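Descriptive analysis of the structure
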Amino acid sequence: MRNNSAVLEDEAAAPALTPDMMSKIKKEDMKQAIVERFSGRTEAAAPRTAARTGKRSPHWQPADDQC
């Protein structure tokens, strides 16, 4: 069933992507990524303070320093 009151547009929803436009978009994306990475808004993750539950295996050994 077709709706008679709907208007069909011949224009595309977005312009066609050209190599120049892609390079511009990539540059803008990289600038935004740098801003987000080095902005002071992000806080450092809190250290883990949760107590270990249960017992360790009797075969558990600490990791070597050479790893």
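Residues numbered from 1 in each chain as written. Predicted model: local features only at pLDDT ≥ 70, side-chain atom pairs only at ≥ 80, totals over all residues. Heavy atoms only, no water.

**A short note on the overall build of the protein chain**
When helices and strands are counted, the protein chain shows 1 helix and 0 strands. A buried classification covers 1% of the 67 residues belonging to the protein chain. With the model as given, the accessible surface of the protein chain reaches about 7700 Å², and the carbon-plus-sulfur share is 53%. (Helix = DSSP H or I, 4+ residues; strand = E, 2+ residues; numbered from the N terminus. Buried < 20%, exposed > 50% of the residue type's maximum accessible area, 1.4 Å probe, protein only. Areas by Shrake-Rupley, 256 points an atom, 1.4 Å probe, with all protein chains shown as cover.)

**Details of the packing of aromatic side chains**
The tally for this structure, following the rule as stated, stands at 0 aromatic pairs. Its guanidinium or amino end placed over the ring of Phe-38, Arg-37 lies 5.2 Å from that ring's centre, counting from NZ or CZ. (Phe/Tyr/Trp six-rings, centres within 6.5 Å; stacked < 30°, edge-to-face > 60°. Lys NZ or Arg CZ within 6 Å of the ring centre and 35° of its normal.)

**Here we look at a nonpolar patch on the surface**
A cluster of nonpolar side chains, Leu-17, Met-22 and Ile-25, forms an exposed patch at the surface whose accessible area comes to about 270 Å². Within the fold, Ile-25 resides in helix α1 (residues 19–38). (Patch = residues over 30% accessible without salt bridge, like charges linked within 9 Å, V, L, I, M, F, W, Y side chains within 5 Å. Salt bridge = Lys/Arg side-chain N within 4 Å of Asp/Glu carboxyl O.)

**Looking at α1**
It helps to recall that an α-helix has 3.6 residues per turn; residues three or four apart then point in one direction. Counted at 1.5 Å a residue, the expected span for α1 with its 20 residues is 28 Å, and the 29 Å between its end C-alpha atoms agrees. Across the 20 residues of α1, 0 count as buried, placing the element largely on the outside. (Expected span 1.5 Å × (residues − 1).)

From the geometry alone we can't say anything about function, so treat these as descriptive.
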